[in-house]
Amino acid sequence: MNMKKFLLTLILLLVSLPIIAQWKPAGKKIKTEWAEKMDPESVLPEYPRPIMERADWKNLNGLWDYAIQPLGKSLPSTFDGKILVPFAVESSLSGVMKEVGSENELWYSTDFEVPADWGKKNILIHFGAVDWQTELWINGIKVGSHEGGYTPFTFNITPFLSEGGQQLIVKVWDPTDEGPQPRGKQVKKPEGIWYTPVTGIWQTVWLEPVAQKSIASLKAVPDIDNGTVMIETEIVGGTYGDIVEVTVSDNGTTLATAKSTVGESLVLGIDNAKLWSPEMPFLYDMQVKLMGRNPMTGEQMLQDEVKSYFGMRKISMKKDDHGIVRMQLNNKDYFQFGPLDQGWWPDGLYTAPTDEALKYDIQKTKELGFNLIRKHVKVEPARWYTHCDRLGILVWQDMPSGDMGHGPQWQNHNYFEGSELKRSARSEAIYRKEWKDIMDYLFSYPSIVTWVPFNEAWGQFKTEEITEWTDAYDPSRLINSASGGNFYRTGDILDLHNYPGPKMYLYDAQRANVLGEYGGIGLALEDHLWRPDENWGYVKFKNSKETTDQYVKYAEELKKMVKSGFSGAIYTQTTDVEGEVNGFMTYDRKVDKMDFAKVKKVNQAIINELQK
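Residues numbered from 1 in each chain as written. Predicted model: local features only at pLDDT ≥ 70, side-chain atom pairs only at ≥ 80, totals over all residues. Heavy atoms only, no water.

Trainee: Whenever I open this one, the overall build of the protein chain confuses me. Can you help?
Mentor: Helix and strand counts for the protein chain stand at 7 helices and 34 strands. Taken over C-alpha atoms, the radius of gyration comes to 25 Å for the protein chain, in line with the 25 Å a tight globule of 612 residues would show. When its C-alpha atoms are laid out on the principal axes, the protein chain stretches across 70 × 60 × 60 Å. A burial count over the protein chain gives 58% of its 612 residues as buried. Taking as baseline every contact in the protein chain between residues at least 6 positions apart, the subset at least 24 positions apart corresponds to 69%. Carbon and sulfur atoms provide 51% of the accessible area of the protein chain, an area that totals close to 24900 Å². Placing the 68 positive and 83 negative side-chain charges of the protein chain at their respective mean positions leaves the two points 2 Å apart. (Helix = DSSP H or I, 4+ residues; strand = E, 2+ residues; numbered from the N terminus. Rg over C-alpha atoms; globule rule 2.2 N^0.38 Å. Buried < 20%, exposed > 50% of the residue type's maximum accessible area, 1.4 Å probe, protein only. Contact = heavy atoms within 4.5 Å. Areas by Shrake-Rupley, 256 points an atom, 1.4 Å probe, with all protein chains shown as cover. Lys, Arg positive; Asp, Glu negative; His and termini not counted. Charge placed at Lys NZ, Arg CZ, Asp CG, Glu CD.)

Trainee: Sorry if this is basic, but what is going on with the side chain of Thr110 here?
Mentor: Looking at where Thr110 falls in the secondary structure, it is placed in strand β4 (residues 104-112). For Thr110, a relative accessible area of 12% puts it in the buried group. When sequence neighbours within four positions are dropped, the list of residues in contact with Thr110 reads Leu63, Trp64, Gln166, Gln167 and Leu168.

Trainee: Hey, could you run me through the packing of helix α2 (residues 355-367) against helix α3 (residues 382-391) in this one?
Mentor: The description of two helices packed together rests on the angle between their axes and the distance between the axes. At a minimum axis separation of 10 Å, α2 and α3 run at an interaxial angle of 40°. At the point where α2 passes α3, the crossing takes the right-handed sense. Across from Asp355, Leu358, Lys359, Ile362, Gln363 and Lys366 in α2, the residues of α3 making contact are Arg383, Trp384, His387, Cys388 and Leu391. Here the contact of α2 with α3 is composed, by residue class, of 5 nonpolar, 2 polar and 4 charged. (Axes fitted to C-alpha atoms, helices over the stretch in contact; angles between N-to-C directions. Left-handed = near helix turned anticlockwise from the far one by under 90°. Nonpolar A, V, L, I, M, F, W, Y, C, P; charged D, E, K, R; others polar.)

Trainee: Even after reading the chapter, I still don't get helix α4 (residues 425-442), so can you show me in this structure?
Mentor: Turn by turn, an α-helix covers 3.6 residues, leaving residues three or four places apart pointing in a common direction. Helix length check: α4 (18 residues) gives 26 Å between terminal C-alpha atoms against 26 Å at 1.5 Å per residue, within 8%. Elements that come into contact with the buried residues of α4 comprise β8 (141-147), α3, β25 (394-398), β26 (448-452), β27 (454-455) and α5 (463-473). (Expected span 1.5 Å × (residues − 1).)

Trainee: Sorry, what's going on with the sheet that holds strand β13 (residues 214-223) here?
Mentor: Note: strands within a sheet are paired through backbone hydrogen bonds, in either parallel or antiparallel orientation. A sheet is described by the order of its strands in space; here 3 strands give the open sequence β13-β14-β17, paired in antiparallel fashion. Across the chains shown, the open sheet's two edge strands, defined by having one partner strand only, are β13 and β17 (266-269). Across the sheet, the mean angle separating the axes of adjacent strands is 25° when strand polarity is ignored. (Pairing = 2+ DSSP bridges.)

Trainee: Explanation requested: the pattern of salt bridges in the structure shown.
Mentor: Close approach of charged atoms allows side chains of opposite charge to pair. Using the criterion set out here, one finds 37 salt bridges in the structure. The partner of Asp440 in a salt bridge is Lys436, with the nearest N and O atoms 2.9 Å apart. Note that Asp440 and Lys436 are positioned in helix α4 at a spacing of 4 residues, about one turn of the helix. For Asp440, a relative accessible area of 27% gives the class partly exposed. (Salt bridge = Lys/Arg side-chain N within 4 Å of Asp/Glu carboxyl O.)

Trainee: Can you help me understand the side chain of Glu517 in this one?
Mentor: Structurally, Glu517 is set in strand β31 (residues 512-519). Judged by its relative accessible area of 4%, Glu517 is buried. Not counting residues within four places of it along the chain, the set of residues in contact with Glu517 comprises Leu340, Arg374, His376, Asn455, Glu456, Asp495, Leu496, His497, Asn498, Tyr499, Ile570 and Thr572.

Trainee: What is the right way to look at the nonpolar core in this model?
Mentor: What tends to happen in soluble globular proteins is that the nonpolar side chains get buried as a cluster. Among the nonpolar cores identified, the biggest contains 63 residues, and Trp344, Trp384, Tyr385, Trp396, Trp435, Leu442 and Tyr445 are the most heavily contacted of them. The greatest single-element share of this core, amounting to 6 residues, is contributed by α4. Aside from chain neighbours lying at most four places away, what touches Trp384 is Asp341, Leu358, Ile362, Ile373, Lys375 and Val395. In terms of nonpolar packing, the next biggest core, distinct from the first, is built from 31 residues, Leu368, Tyr505, Tyr551 and Ile607 among them. (Core = buried A, V, L, I, M, F, W, Y, C linked by side-chain atoms within 4.5 Å.)

Trainee: What is the right way to read empty space enclosed by the protein from this model?
Mentor: Here the idea is plain: a probe the size of a water molecule rolls over the atoms and shows the empty space left. Within the structure shown, the criterion is met by 4 cavities of 30 Å³ or more. There is about 90 Å³ of room inside the largest cavity. Taken together, Ala220, Val221, Pro222, Phe310, Gly311, Arg313, Phe443, Ser444, Tyr445, Pro446, Ser476 and Arg477 form the lining of the largest cavity. Element by element, the count of residues in the lining of the largest cavity is highest for β13, at 3 residues. Here the second largest cavity defines a volume of roughly 70 Å³. As for the second largest cavity, its lining consists of Tyr415, Ser481, Ala482, Asn486, Phe487, Tyr488, Thr490, Ile493, Leu494, Asp495 and Arg511. If you tally residues by element for the lining of the second largest cavity, the top one is strand β30 (residues 493-497), at 3 residues. Each residue belonging to the lining of the second largest cavity can be placed in one class, and the counts come to 6 nonpolar, 3 polar and 2 charged. (1 Å grid on protein atoms, 1.4 Å probe; cavity = no way out; pocket = protein on both sides within 12 Å on 5 of 7 lines; lining within 4 Å. Points joined across faces, edges and corners; volume = space filled by probe spheres on them.)

Trainee: I'm lost on the environment of Gly369 in this one. Help?
Mentor: Tracing the chain through its elements places Gly369 in the loop between α2 and β24 (372-375). Not counting the four nearest positions on each side in its chain, Gly369 is found in contact with Lys600, Asn603, Gln604 and Ile607.

Trainee: Mind showing me how you'd approach α2 here?
Mentor: Here α2 contains 13 residues, and its C-alpha end-to-end distance of 18 Å stays within 8% of the 18 Å for a straight helix at 1.5 Å per residue. Among the residues of α2, Asp355, Ala357, Leu358, Asp361, Ile362, Lys364 and Thr365 are the ones counted as buried.

Trainee: I keep staring at the layout of surface pockets and nothing clicks. Help me out?
Mentor: What the second largest pocket holds in volume is close to 370 Å³. As for the second largest pocket, its lining consists of 19 residues, and the residues nearest its centre are Ser277, Pro278, Glu279, Leu329 and Tyr334.

Trainee: Is there a simple way to think about the packing of aromatic side chains in this case?
Mentor: Pairs of aromatic rings are described using the distance from one ring centre to the other and the angle between the two planes. Tallied over the full model, the rule gives 37 aromatic pairs. Relative to Trp202, the ring of Tyr150 lies with its centre 6.4 Å away and its plane at 75°, an arrangement referred to as edge-to-face. With Tyr150 in the loop between β8 and β9 (153-156) and Trp202 in the loop between β11 (200-201) and β12 (205-210), this pair connects stretches of sequence that are 52 residues apart. For the pair formed by Tyr150 and Trp202, the shared burial category is buried. Ring plane angle 85° and centroid distance 5.7 Å describe the contact between Trp435 and Trp451, whose orientation is recorded as edge-to-face. One end of the pair, Trp435, is in helix α4; the other, Trp451, is in strand β26, with 16 residues separating them in the sequence. In this pair, the class of Trp435 matches that of Trp451, namely buried. Feature note: the residues Phe335, Phe337, Phe370, Tyr518, Tyr551, Tyr571, Phe584 and Phe596 constitute an aromatic cluster, connected by ring pairs. Directly above the ring of Trp530 sits Lys29, whose terminal nitrogen or CZ lies 4.6 Å from the centroid. (Phe/Tyr/Trp six-rings, centres within 6.5 Å; stacked < 30°, edge-to-face > 60°. Lys NZ or Arg CZ within 6 Å of the ring centre and 35° of its normal.)

Trainee: Please clarify how the sheet that holds β12 should be interpreted in this entry.
Mentor: Strand order across the open sheet formed by 4 strands is β1-β12-β5-β9, with antiparallel pairing between neighbours. Here the strands that pair on one side only, and so sit at the sheet edges, are β1 (58-59) and β9. Here β1 runs beside β12; their pairing, made up of 2 bridges, is antiparallel. Looking at the pairing, Asn59 lines up with Trp206 of β12.

Quick look at the structure:
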């Protein structure tokens with residue numbers, strides 16, 4: 001290394017030392033190997049939304065100021081310290097690891113600059129997800145608010161920007177299990193199957209420049225029976241005469257192009273389509289351009305351009321030769337089998353430490369021979385679903401549960417005979433808005449094949465109405481109305497839960513029958529436990545061999561039930577989570593607790609049972 005390079009390296013190191021010194025993981029709980037390599041200057045640096053990608057953007061993740069203060073107070077005059085965004089304040093990786101609670105609010109502050117080469121474009125600020133109620137100020141001006149802990153939201157902050165640096169203030173309030181809002185497994189006092197609260201920003205915050213006229217969202221609806229894909233676009237600032245142009249390609253070769261005026265959908269023919277499946281997860285590339293007419297010359301000019309993709313696949317149901325309703329993928333009977341995936345991390349809670357970590361659990365699920373993941377009462381960042389699309393895994397997407405304090409009686413061995421939960425008007429409105437937002441956010445990912453509005457009577461209400469609305473809003477997927485009950489004769493799937501072993505105790509001749517949860521075989525491994533003195537599983541064993549043998553025993557029982565009626569199954573679960581020790585992997589992902597080769601062999605035998 002020459003002297004000039006040495007001095008430059010030394011200067012960069014000295015500049016970064018104060019930032020590094022301001023942050024370190026908090027607490028002494030177990031951590032993943034990715035957390036041990038964290039760089040606070042480069043936190044989740046990947047483009048956050050690969051299904052709709054633009055060339056220019058700026059990541060705002062990193063160290064911000066934070067303060068926790070009583071509910072209703074104004075902007076704090078001083079802050080408590082530094083927090084590493086986008087990790088929730090209760091997490092180790094935030095560097096804070098403090099509880100907030102319903103009686104307090106969490107404040108953030110940071111400064112940023114808008115790149116000079118973005119010119120006169122509109123500047124959007126994107127939040128991947130913030131739990132739960134968010135308010136935003138730019139340079140002292142309140143510019144917007146948002147409710148919902150699981151979906152992205154955006155503000156156009158252009159009118160509020162000043163010369164030079166900009167100040168961003170964010171305030172968050174989250175009542176966790178003291179409010180009716182969707183919150184999944186978060187509780188104020190975590191124990192058993194309930195976990196630590198997650199408050200505040202937990203996905204990437206980023207800036208993006210766009211023209212006055214821009215593409216806000218895309219929807220892709222494949223139709224393999226007719227060899228077409230329908231593309232719908234939502235345009236901001238569009239006027240009559242503006243044109244949307246869609247180009248579909250395969251490895252650089254253009255296959256189809258179509259144009260429409262703003263507000264019209266486009267249908268493109270895909271000849272001899274390559275079908276997407278877990279075995280062959282082929283994705284078509286798509287380019288979408290927005291052209292606007294120059295009012296002075298009448299010439300069409302490029303206003304916006306995004307890269308995207310889609311998969312040609314179909315999910316449906318059909319009775320087989322024995323009269324059993326089977327789930328089908330691409331018009332063929334297809335047994336769907338995978339783990340219950342909570343999506344929690346010992347160091348980041350809701351947020352994976354790195355994109356590599358985010359991808360890891362999906363890769364391990366494939367390694368285990370599964371073709372499915374049930375994403376359990378949580379929604380993931382956009383990149384997680386793109387990883388599923390690219391790696392090839394089906395997804396059942398749960399609605400995060402909420403308003404469970406006054407839920408109905410759980411009747412999971414019969415069709416429901418009781419009174420449904422009566423939510424307040426406010427609670428119902430929150431549920432409906434966030435469920436629609438989640439479906440809009442995830443609509444175009446081919447990996448998602450089933451929507452799950454309710455789980456085990458947790459906050460379950462107006463089941464038939466919610467199911468019918470969900471089905472009408474997205475008829476391209478299956479609806480699993482109530483995983484584990486309460487059961488109604490609605491939707492596409494009857495989903496039984498039984499622990500520890502598989503069991504078919506109810507059957508519906510008009511729906512696909514699945515075992516939506518079973519297993520939960522526990523193995524506690526010292527030095528890999530969230531709570532060393534308190535851990536839990538449905539059944540527990542002492543070593544990997546015993547645990548694997550029990551898994552295989554249950555799997556062989558399940559295989560016998562495929563021919564007699566089950567069309568899918570979910571094993572609990574991908575990893576240990578906090579006090580639960582029933583994962584294929586430890587919570588820190590450092591140990592595979594079963595013999596993966598043996599598990600894969602029996603899993604593949606179950607999946608192939610329908611093809612015999």
